[in-house]
Structure formats: structure tokens, C-alpha cells
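Chain residues, written in single-letter form:
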2 protein chains.
Amino acid sequence: MKTPVLLALLKEKGYKLTAQRQAILAALRYLGERASAKEIYEELCKEKPAISLDTVYRNLRLLAEIGIVQQILLQSGTVFELTDDGHHHHHLVCVDCEKVVCIPYCPESCAYTEQARAAGFAVLGHLFEVYGRCTACQQK
Amino acid sequence: MKTPVLLALLKEKGYKLTAQRQAILAALRYLGERASAKEIYEELCKEKPAISLDTVYRNLRLLAEIGIVQQILLQSGTVFELTDDGHHHHHLVCVDCEKVVCIPYCPESCAYTEQARAAGFAVLGHLFEVYGRCTACQQK
DNA sequence: TCAGTAAATAAGAATATTACTATTTAGAAA
DNA sequence: TTTCTAAATAGTAATATTCTTATTTACTGA
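Presented here is a report on the structure given in the accompanying data block. (Residues numbered from 1 in each chain as written. Chains lettered and ligands numbered in written order. Predicted model: local features only at pLDDT ≥ 70, side-chain atom pairs only at ≥ 80, totals over all residues. Heavy atoms only, no water.)

**Thoughts on the interface of chain B and chain A**
The condition is simple: A contact between two residues is defined here by any heavy atoms of the two lying within 4.5 Å. Buried area: the sum, over both parts, of the accessible surface (1.4 Å probe) that disappears when the two are put together. Any Lys or Arg side-chain nitrogen found within 4 Å of a carboxyl oxygen on Asp or Glu counts as a salt bridge. For helices the rule is a DSSP run of H or I covering at least 4 residues; for strands it is a run of E covering at least 2, with both sets numbered from the N terminus onward.
Tallying the contact residues gives 34 residues for chain B and 34 residues for chain A. In total, about 2,700 Å² of surface goes out of reach between chain B and chain A, with carbon and sulfur atoms giving 70% of it. Run the count over chain B and chain A and you get 0 salt bridges. Only strand S4 (90-94), strand S5 (100-103), helix H5 (112-118), strand S6 (122-133) and helix H6 (135-139) of chain B provide two or more residues apiece to the side of chain B that touches chain A.

**Some details on the pattern of salt bridges**
Residue and element names in this part refer to chain A. Condition: A 1.4 Å probe rolled over the protein chains alone gives each residue an accessible area, and that area as a share of the maximum for its type sets the label: buried under 20%, exposed over 50%, partly exposed in between.
Applying the stated criterion to the full structure yields 16 salt bridges over all chains. The partner of Glu33 in a salt bridge is Arg34, with the nearest N and O atoms 3.5 Å apart. Lys38 is paired through a salt bridge with Glu42; the nearest N and O atoms lie 3.9 Å apart. Taken together, the positions of Lys38 and Glu42, both in helix H3 (residues 37-44) and 4 residues apart, correspond to about one turn of that helix. For Glu42, a relative accessible area of 41% puts it in the partly exposed group. Bridged by salt links that share partners, the residues Glu33, Arg34 and Glu81 form one connected network.

In C-alpha cells, the structure reads:
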């Protein structure tokens, strides 16, 4: 995610490009695919001046809203992942070891939007995660 | 949910039928379709002896695991709903007023299980919620 | 460039949720 | 019925997440 692109996405909704937002994205990139709010916070605390924990949470929520990151709900808590292509996707999550595998499948393509329209809802988004047991954990 | 049925579902996994579990279900029924852990806790605190908050959370998680209740993630927090027929379903959630509408649609019926199998995952369940704006909130 | 304004931040308080541990209890089996 | 044992509970501590408020800052337009 290049800064001009981020700026455009933010500006679209009246949000501002701040050093903290860029730092959060940089930390997420640095930490690898996925990280919890606390991990990002701790990474950024190494810098001076340190960021506020609330700012990390607030911005991860905002970045998720504009589609730059995605939230994944594990048993042990919530982690965030970059969606570099801007297109969201979903996950298979192992309930034992918490291994996460991305799947290209998205229920958007199925017919639920019909039902939403019938109920008078304007669909904005959805949450979809599949839980199961990975190959390794099935052996145990 | 009649007690014998609940007992059978619990026994199946080695869980016990406790007064607290029955009280939580009774409270949920009494409070209407949906309630938060705190609402259930406060309702049960009117009784003597009062229940522990931890017990409410722990058992709502367990009841969700065996399919008697379902968790719905709202912006303002998590609420629980009875699934009287034992078959789960999903929801349209208004992000403004938090009105919830049940929808019969379930992504289980779509092809994601194929992908899960290919990745070596044994699917246990899934989370699916649709967020949008209801008719009333679209007028605002 | 400079001033004005809405948005964002930091810091700490408040709330929500989960974990820990000693004690109690439901259900199994004698 | 009595005993035994794993599961469950209460109470409290710990952690995760969100809210509140005073202050700072990014962008806008002159």
C-alpha cells in the first residue's frame, strides 16, 4: 500500500493521513502477514515518541472500514491482516493451533443479497470465517 | 428447549446439567430474543444465590458450542440468541440502529467446503453476519 | 504562507471478556 | 444410598477493548 493510494482512500471519506496511520501499516507489514493490536502497539512503542494503544485500536478499526486491513477472529483474540489487493477474502482457521489459510471463496457471490434487499437492508459488508481442524491437528 | 433435550445435548460431550445453565437459558427466554451476557447476568443477580459473571460468559460460550444459542456480533458488543430449532441461521445487522433480522441463507450450502477439504481442514463451523443499513436508517 | 476547523491523538478511566484457583457439585458406579 | 472423580462454580485477578476529554495536528481556503 503506497502512501498516495492510502491518502486517496482516506480522503474519500474525510479522514486524514497521519504519521500514526502510516506507522501502523508499516508495523503490520514488518511483523508479517498478521498481528494483534497489542503486537503492533509494542512494535511501535520502540519508536519515539511512542504511540497510544487506543490509537492503534481506533485506526485498525478505521483501516478495516476502508478495506486496507481485515480482522480475523481467532479463539485467542483478534488479529489483523493486510489486504494488499484491496479485495477482501476469507479464512479457514484451525481451532487448535490457530493456523490460518486464506480461501478465495466469498459468500457475497451467493444469493443472500436478494434476501437483504427484500428486508429493506442496504448491504455494506459481511463477516465470514470458517472454523475447523487442520491436517496436523487432526492427527493428534 | 426442554430440560431432557438440553441434558442429552450436554451429556453427549460429557458436560453436566447445572442449575446455572438452566437459569441462563431461562433468563434468555425471559429477556426475549436476544440479550448480552451482562443483561443475563443482571437478570440472574435478582435471584439468590446470585450467579457469577464468569459463569454466564463461560456457559454462553458452551451453549453456543453445542448449538443451543448463537452469538451475534454487533458494533456495541456481543449478544446471544436462542436457536430453538437447533439449526443455526444468520443475520442482517443494521450498523446504525443495530436492528437484527434473521435470514435463512447459510453459506454452508455453497462450495467453500471443497476448498477446506483441499487444504486439509475438517470444517467444524463458521461465522457469518451481514452488515448494512435498514430501511429506516437509510432515510436519515 | 497563515489562520480556521474538523479530525486525530495521548492518557487515563471505564467496560467487556477471559484466566486462575480453591471449593463445590453432578453424575457414575459400587 | 454412599463414594469417587471430573467438571463446574464463585470470586478475584488479569487482559482486551472502548470511551472520555483536553490538546494537537492535517487539511482547507483565503
